Protein chains: 2
Amino acid sequence: MKDKDLRKRVPYHIQRDVLDEQLSCSSLCFIIFSFSLFIRCTGPRFKSCFLSFVPLLAWLPRYPFRENAIGDLISGISVGIMHLPQGMAYALLAAVPPVFGLYSSFYPILIYFIFGTSKHISVGTYAVMSVMIGSVTERLAPDSDFVIPGNDTNSTTLDVFSRDAERVKIAATVTFLSGIFQVLLLGLVRFGFVVTYLSEPLVRAYTTAAAIHVIVSQLKYSFGINPQRYSGPLSLIYTVIEVCALLGQTNIGTLVVSIVTIIGLVAAKELSALAARKIPIPIPVELITIIIATVVSWQMDLKTEYGVEVVGEIPSGLQAPVAPAVSLLGSMVGDAFALAVVGYGIAISLGRIFALKYAYKVDSNQELIALGLSNSIGGLFNCFAISCSMSRTMVQVSTGGKSQVAGAISAVVILVILLKIGELFEELPKAVLAAIIYVNLQGMMKQFGDICSLWRTNKVDMVVWVMTLILTVLFNPDLGLAASIAFSILTVVFRTQLPKYSILGQVPGTDIYKPVEDYNQVKEIPGIMIFRSSATLYFANAEMYIDALYEKTGVDVAKLLSHKKKLEAKRLRKEKKAAKKAKKEAKKRAKEASAVSAFNQGEEPQFSDTDESGEEAEANGDVHKLSVKEPKDVAAVEAGPDPDTDTPLPRAIILDLSPVNFLDTVGVKTLRNIYKDYGEAGVQVYLCGCQRGVVESMEKGDFFNEKVTKSILFSSVHDAVLYCQQGNSKEVQYILMSYTHTRISEVS
Amino acid sequence: MKDKDLRKRVPYHIQRDVLDEQLSCSSLCFIIFSFSLFIRCTGPRFKSCFLSFVPLLAWLPRYPFRENAIGDLISGISVGIMHLPQGMAYALLAAVPPVFGLYSSFYPILIYFIFGTSKHISVGTYAVMSVMIGSVTERLAPDSDFVIPGNDTNSTTLDVFSRDAERVKIAATVTFLSGIFQVLLLGLVRFGFVVTYLSEPLVRAYTTAAAIHVIVSQLKYSFGINPQRYSGPLSLIYTVIEVCALLGQTNIGTLVVSIVTIIGLVAAKELSALAARKIPIPIPVELITIIIATVVSWQMDLKTEYGVEVVGEIPSGLQAPVAPAVSLLGSMVGDAFALAVVGYGIAISLGRIFALKYAYKVDSNQELIALGLSNSIGGLFNCFAISCSMSRTMVQVSTGGKSQVAGAISAVVILVILLKIGELFEELPKAVLAAIIYVNLQGMMKQFGDICSLWRTNKVDMVVWVMTLILTVLFNPDLGLAASIAFSILTVVFRTQLPKYSILGQVPGTDIYKPVEDYNQVKEIPGIMIFRSSATLYFANAEMYIDALYEKTGVDVAKLLSHKKKLEAKRLRKEKKAAKKAKKEAKKRAKEASAVSAFNQGEEPQFSDTDESGEEAEANGDVHKLSVKEPKDVAAVEAGPDPDTDTPLPRAIILDLSPVNFLDTVGVKTLRNIYKDYGEAGVQVYLCGCQRGVVESMEKGDFFNEKVTKSILFSSVHDAVLYCQQGNSKEVQYILMSYTHTRISEVS
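Just so you know, these numbers come straight off a predicted model, no measurement behind them.

Here we take up the overall build of chain A. Of the regular secondary structure elements, chain A holds 34 helices and 10 strands. Here chain A holds 748 residues, and 54% of them are scored as buried. Across chain A, every contact between residues at least 6 apart in sequence was considered, and the portion connecting residues at least 24 apart equals 80%. With the model as given, the accessible surface of chain A reaches about 32,700 Å², and the carbon-plus-sulfur share is 63%.

What follows is the structure, encoded as structure tokens:
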């Protein structure tokens with residue numbers, strides 16, 4: 001730190017630097033890529049395509065200066081003023097020197113101004129993104145890599161300078177990579193559907209969990225302590241334990257600064273909220289705070305007198321672009337992907353909210369390109385990854401911002417600060433920035449209230465919320481995001497895996513069929529069972545579907561079949577008997593022959609209960625033991641298709657498949673088994689309400705053959721019921737099915 | 001190996017042994033657990049509960065001796081004879097000495113005889129389970145742990161004796177643990193639903209992949225080489241490479257034995273298949289093979305003359321039970337869980353097939369208890385994990401086996417072999433056992449044909465099949481199973497994430513509504529749009545639902561709203577104008593006033609296209625640029641509820657929600673937004689076909705309020721259409737909705 005030679009002794013990755021220089025052609029690659037994008041836009045529709053790629057050219061010439069200019073100017077300045085403290089504070093989160101937060105509040109915003117389509121969102125530094133960057137920088141460049149042995153054996157010093165240089169490089173590289181991911185992977189390869197998995201409960205819980213990470217990572221600045229850096233799962237827990245252990249070493253000066261700032265900020269925010277009704281422009285509370293804090297720190301010399309850590313050197317001016325550290329790319333793919341997804345997810349959801357409110361359209365693909373270019377070009381200029389901040393966006397809108405011009409003006413404000421007055425803030429205590437972060441996280445902490453509201457509205461979503469919070473707190477934001485998305489996808493399976501199975505009955509006098517257990521006045525149709533599952537039918541619930549069907553219809557196919565076999569055996573024995581005693585008793589013979597012929601017509605002859613159990617017990621005891629438990633049921637089964645007995649076996653079963661979204665092979669096989677089993681028992685199965693895709697799956701799955709034709713399909717439950725009731729007259733059916741047939745003959 | 005002292009020098013885990021002795025109370029725990037299960041069965045329903053817990057007591061007294069005995073005896077002996085070669089061969093897979101395969105073919109079968117409910121499956125050793133065990137044993141007790149430095153510095157020998165002892169202990173422990181998992185986790189905690197994720201394509205691909213693992217693991221015996229052991233992902237690839245590299249060291253004698261055996265086996269199997277029609281009992285091809293091979297090996301002294309590896313010592317008699325190695329439990333939890341799931345999944349699916357065929361019931365919970373006890377008690381007797389084998393089951397059924405008695409008889413056969421004739425097989429070459437394994441895997445390899453048939457029937461299931469194969473081959477059977485299940489769950493999400501959106505039209509003269517694009521003859525109802533998604537509505541497709549709705553209905557809400565705003569602004573300006581020029585032109589004033597009143601009634605006044613674009617272009621250019629692209633559309637939008645214009649805005653939109661299985665908070669919010677947006681544009685939205693649970697989710701999600709009542713819900717599309725057409729007469733609706741209201745008032 002003291003002389004330049006020192007740095008040479010640091011185990012600093014020299015090959016890496018060489019690699020970087022050799023491969024600074026990567027920026028060349030980027031230019032080539034941009035050019036290819038450009039080429040893609042050539043052709044006859046060049047102009048419109050180019051205009052949609054650079055929306056600025058489309059809207060700026062038409063900018064309604066008279067109407068929007070003043071609003072955009074005021075709003076731009078207000079937001080620019082907010083960028084200053086937020087940029088510096090979030091730079092601490094990303095573990096880079098504060099000035100890089102200012103860079104991140106400048107370059108990306110300018111680029112978004114050119115390519116973005118949302119008029120109201122304030123892109124720039126964002127706490128969640130910053131803490132994700134921080135976990136990368138601190139993992140890849142931990143303090144321990146930059147310890148320099150002192151002159152005597154025990155003392156060591158930290159080479160802060162080269163550590164920060166390395167961290168800036170890492171932050172810029174991961175930002176560059178996330179930008180590339182956004183443009184290429186999400187934008188061009190249309191991988192953008194990933195953000196559809198970011199459901200609202202998940203995003204809210206995720207940002208809350210990220211806020212917890214943010215708070216924990218800032219504790220060290222508030223207490224002025226130096227805890228060890230942990231990475232990987234559970235690092236938050238370890239850090240909290242470490243911080244608690246180090247509380248004894250708290251720097252009193254820093255703690256006082258923290259407490260005073262937090263109290264002051266909260267009070268000032270409350271006051272400004274009260275005053276908001278009277279003053280159109282919000283009071284820049286945070287700007288005033290850092291100005292006061294800087295002056296106090298400078299006057300009281302907090303740094304040397306009380307050992308309060310301050311922001312330190314803020315170089316004036318801008319830096320030349322540097323190539324990303326290609327050698328590091330491999331170790332940060334996962335982080336960059338998480339950054340790309342989260343950054344886009346946050347920005348697009350905020351953008352859509354305001355687009356809907358102010359009635360214009362946000363092009364989600366163009367947004368991806370805009371954010372991706374902001375990040376990748378920003379990464380070349382040592383920025384860290386940006387997204388858009390809720391609080392700044394609210395200020396931008398409430399102060400009258402009406403277009404992207406407000407963002408551009410805020411970038412100009414930051415440029416002025418960077419060039420001229422940045423260095424004035426060198427004496428600002430870091431604890432003040434930490435305090436600003438805490439106070440800004442209020443909104444995210446309020447999201448804990450979601451638990452209560454979700455508890456009332458949707459318990460599964462509440463579980464998603466809680467699990468996302470826990471997973472993200474325990475694993476870090478990157479891994480936690482993946483785990484949370486995986487969990488929320490699993491809930492979809494859970495929800496369809498435990499469906500509600502119902503028997504439907506007719507609402508008297510109508511063609512409406514409703515679940516019997518839900519409605520008092522619906523009536524089951526005698527001899528016909530209408531069965532519906534509330535969920536789609538697929539591998540995870542196919543078995544339950546069959547079980548529920550057997551249970552609800554009161555038909556146990558196993559019993560039915562074993563009974564059938566017994567009848568068959570009996571029939572054969574009786575035939576033999578009959579043949580032997582053919583001429584003995586003419587009366588008896590006639591009776592038996594009628595039973596046989598009845599059976600051959602598909603109707604089982606009726607035997608009394610005692611008759612059957614008496615004769616069969618010995619011969620088929622093994623089969624019997626499982627099926628004789630409820631002799632009444634067996635009687636019902638025996639009754640066969642006779643509708644006059646008390647508990648008849650239904651003549652037909654109608655499966656309402658309207659809630660089925662798709663059929664996999666297991667689903668097709670399940671339906672086939674149901675059809676076959678009941679068919680063997682003499683019960684006809686009809687399917688109704690099948691969607692087009694479901695019928696196609698059945699066709700492809702060889703459900704239909706010469707025995708099972710499409711005539712078992714009906715458009716609605718009522719049609720199927722009418723068909724069953726009207727003595728199977730084919731006419732009704734053909735009227736109803738002709739459309740299906742027409743279409744299906746066209747397809748095949 | 002040569003003297004006992006040698007063993008002391010092996011780095012053998014002494015503390016582990018101490019631990020084991022101290023904690024042999026674990027078997028005590030097991031007894032206590034069994035007792036608690038017993039206690040659970042006490043009470044008034046003790047007897048029936050106990051009988052269902054020990055099915056043997058229920059069915060054995062009723063055993064139809066005369067009918068079943070002969071079939072069961074022949075079948076039992078046939079299966080017992082198959083157990084001998086299979087048990088020894090699969091022991092090689094599990095990397096334990098062959099005799100432990102015989103133990104595994106004895107104890108678990110006896111226990112299953114007592115507790116099992118399937119009459120036809122042949123439980124016992126199974127290739128897939130054995131190879132999974134093998135990966136555990138070889139991971140936890142690799143050869144390298146048992147290398148003894150020789151007398152001179154370069155030579156080393158392998159302490160096979162203590163290695164095998166350790167591996168047997170590991171195999172027994174993981175088996176014990178998997179049994180405990182089956183009883184406790186899957187059975188008592190009802191975690192058994194996990195097996196519902198084992199869809200048929202997944203199981204078939206998984207067993208095929210496991211067969212590939214089996215073959216690769218047996219190559220070393222066929223070539224007589226000693227490749228290094230790899231574990232973890234990609235180990236199969238490394239092993240294949242290693243085997244290829246070592247092919248030069250092939251033992252010619254072993255290779256000849258392998259080739260001769262394989263050719264002989266295949267030929268004999270073909271012959272026996274041909275002869276099967278004439279001979280009722282299958283020829284025990286494998287038994288004959290190992291007898292011939294043993295005799296040949298003994299006569300030619302293959303072991304010493306040609307260096308062919310033989311089975312080696314087979315101790316006579318049974319071993320006393322030993323406590324599982326508790327210290328090892330932690331390192332094998334994942335493997336044991338995979339074993340538990342796979343073992344149960346295979347057994348229950350085979351059991352169900354035969355239960356359906358022979359018309360009886362398999363109790364899936366009792367099966368879990370039976371398998372779990374077989375494994376956990378078997379684990380105490382040094383068995384390795386069992387499941388049930390397709391090939392043995394087929395033999396058991398085809399030779400006339402009719403009950404669990406056949407299994408018991410096969411266990412007796414194995415007992416005789418163990419006690420008397422086991423040691424005769426000590427000279428059997430291991431290559432012969434490997435050949436038997438290969439030939440037995442034919443069936444699994446034939447499953448590759450699934451790819452073709454699934455390609456025809458269901459592409460998504462084919463992808464599941466291929467991915468399962470790849471994942472299981474690359475990662476090992478344990479991790480591969482988890483990854484495959486995760487993937488197959490993901491496909492459910494994919495399938496519902498890309499639904500088909502349709503506009504429905506009426507089949508003329510009926511109350512049936514079908515997608516317009518699928519059927520030629522259906523007709524859209526003028527002024528009414530009926531929209532349906534083929535899938536459920538939830539977070540992953542909510543956004544697409546809205547987009548598709550806007551696109552299909554041709555209504556762009558953003559445009560509608562911006563237009564509305566313009567109209568509003570115009571109205572205000574006109575009102576001002578009117579107020580100023582109030583008394584100037586009475587005629588003009590009257591015209592404007594009517595327009596205003598019309599608007600207040602929710603109907604937009606009609607303005608001509610030129611009028612609007614001329615006046616507004618300057619003032620609202622910004623908003624305009626996005627919405628003026630298709631002036632015709634804007635005109636359509638303006639037309640408002642007037643059905644007489646050429647491209648009218650629909651009067652009403654009906655969303656058919658019958659395919660919706662559940663609604664999450666995102667879904668409710670989406671419906672609310674659709675209702676609100678169209679409502680602001682003057683289009684009424686009706687929902688129909690909602691299931692009970694969907695309505696409940698909407699109620700809880702505060703979808704309904706004083707403005708949005710349940711009167712927008714309809715039972716069917718036709719009801720909603722009738723309501724729209726009949727000039728909103730409330731009667732129709734109340735008839736239809738009264739049932740919903742009745743029920744809902746009961747609930748709340």
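Time to look at the domain arrangement of chain A. Domain boundaries in chain A define domain 1 (69-149 + 157-223 + 235-324 + 333-444) and domain 2 (500-556 + 649-727). Computed over C-alpha atoms, the centres of domain 1 of chain A and domain 2 of chain A are 57 Å apart.

Let us now look at the state of the cysteines. Residues and elements named next belong to chain B. Scanning the model with the defined rule gives 0 disulfides over all chains in all. As a non-bridged cysteine, Cys690 has Cys688 as the owner of its nearest cysteine sulfur, 7.3 Å distant. When its relative accessible area of 12% is taken as the criterion, Cys690 is described as buried.

With that settled, consider the packing of aromatic side chains. Inspection of the entire model under this criterion finds 40 aromatic pairs over all chains. Relative to Phe703(B), the ring of Tyr675(B) has its centre 6.4 Å away and its plane inclined at 70°; by these criteria the two rings are edge-to-face. Of the two residues, Tyr675(B) sits in helix H31 (residues 665-680) while Phe703(B) sits in the loop between helix H32 (692-700) and strand S10 (713-714), which places them 28 residues apart along the sequence. Given a relative accessible area of 2%, Phe703(B) falls into the buried group. Look at Tyr686(B) and Phe714(B): their rings are 5.5 Å apart centre to centre, the planes differ by 80°, and that puts the pair in the edge-to-face class. Linking Tyr686(B) in strand S9 (residues 684-688) with Phe714(B) in strand S10, this pair joins segments that are 28 residues apart in sequence. Phe714(B) shares its class with Tyr686(B); the two are buried. One aromatic cluster is present, built from ring pairs that chain together Trp59(A), Tyr63(A), Phe65(A) and Phe113(A). Residue placement shows Lys119(B) over the ring face of Tyr360(B); its charged tip is 4.6 Å from the ring centre.

A few words now on the pattern of salt bridges. With the rule as written, the count across this model stands at 34 salt bridges over all chains. The closest approach of N and O atoms between Arg532(B) and Asp656(B), which form a salt bridge, is 3.8 Å. On the criterion of sequence distance, the pair formed by Arg532(B) in strand S7 (residues 528-533) and Asp656(B) in strand S8 (residues 652-656) is long-range, its members being 124 residues apart. Salt bridges sharing common partners tie together Asp143(A), Arg163(A), Asp164(A) and Arg167(A).

We now examine the sheet that holds S10(B). Residues and elements named next belong to chain B. Strand order across the open sheet formed by 6 strands is S6-S5-S7-S8-S9-S10, with mixed pairing between neighbours. Two strands bound the open sheet, and with one partner strand each, they are strand S6 (513-515) and S10. Judged from the 2 bridges that link them, S9 and S10 form a sheet pairing that is parallel. Counterpart to Leu687 in the pairing with S10 is Leu713. Contacts from helix H25 (residues 542-553) reach strand S5 (501-506), S7 and S8 within the one sheet, and its direction differs from that of S7 by about 145°. With respect to the sheet, H31 is in contact with S8 and S9, its orientation differing from that of S9 by roughly 150°.

What follows concerns the relation of the copies chain A and chain B. With an RMSD of 0.2 Å, chain A superimposes on chain B once it is rotated by 180° and translated 0.0 Å along the axis. The operation mapping one copy onto its partner corresponds to a two-fold rotation axis. Measuring from the rotation axis to each C-alpha of chain A, the shortest distance belongs to Pro659(A), at 2.0 Å. With an isologous cut-off of 70% or more, the 99% of interface residues of chain A that recur at the interface of chain B puts this contact in the isologous class.

A complete count under the given rule lists 16 cavities of 30 Å³ or more for this structure. As a volume, the largest cavity reaches approximately 800 Å³. Looking at the largest cavity, it is lined by 41 residues, and the ones nearest its centre are Ser658(A), Ser715(A), Ser716(A), Ser715(B) and Ser716(B). Secondary-structure elements contributing two or more residues to the lining of the largest cavity are strand S6 (513-515) and helix H33 (717-725) of chain A together with S6 and helix H33 (717-725) of chain B. Taken together, the residues that form the lining of the largest cavity break down as 17 nonpolar, 12 polar and 12 charged.

Calculation rules
- Residues numbered from 1 in each chain as written.
- Chains lettered and ligands numbered in written order.
- Predicted model: local features only at pLDDT ≥ 70, side-chain atom pairs only at ≥ 80, totals over all residues.
- Heavy atoms only, no water.
- Helix = DSSP H or I, 4+ residues; strand = E, 2+ residues; numbered from the N terminus.
- Buried < 20%, exposed > 50% of the residue type's maximum accessible area, 1.4 Å probe, protein only.
- Contact = heavy atoms within 4.5 Å.
- Areas by Shrake-Rupley, 256 points an atom, 1.4 Å probe, with all protein chains shown as cover.
- Domains from an automatic or database assignment.
- Disulfide = S-S within 2.5 Å.
- Phe/Tyr/Trp six-rings, centres within 6.5 Å; stacked < 30°, edge-to-face > 60°.
- Lys NZ or Arg CZ within 6 Å of the ring centre and 35° of its normal.
- Salt bridge = Lys/Arg side-chain N within 4 Å of Asp/Glu carboxyl O.
- Pairing = 2+ DSSP bridges.
- Axes fitted to C-alpha atoms, helices over the stretch in contact; angles between N-to-C directions.
- Least-squares fit on C-alpha atoms with pLDDT ≥ 70 in both.
- 1 Å grid on protein atoms, 1.4 Å probe; cavity = no way out; pocket = protein on both sides within 12 Å on 5 of 7 lines; lining within 4 Å.
- Points joined across faces, edges and corners; volume = space filled by probe spheres on them.
- Nonpolar A, V, L, I, M, F, W, Y, C, P; charged D, E, K, R; others polar.

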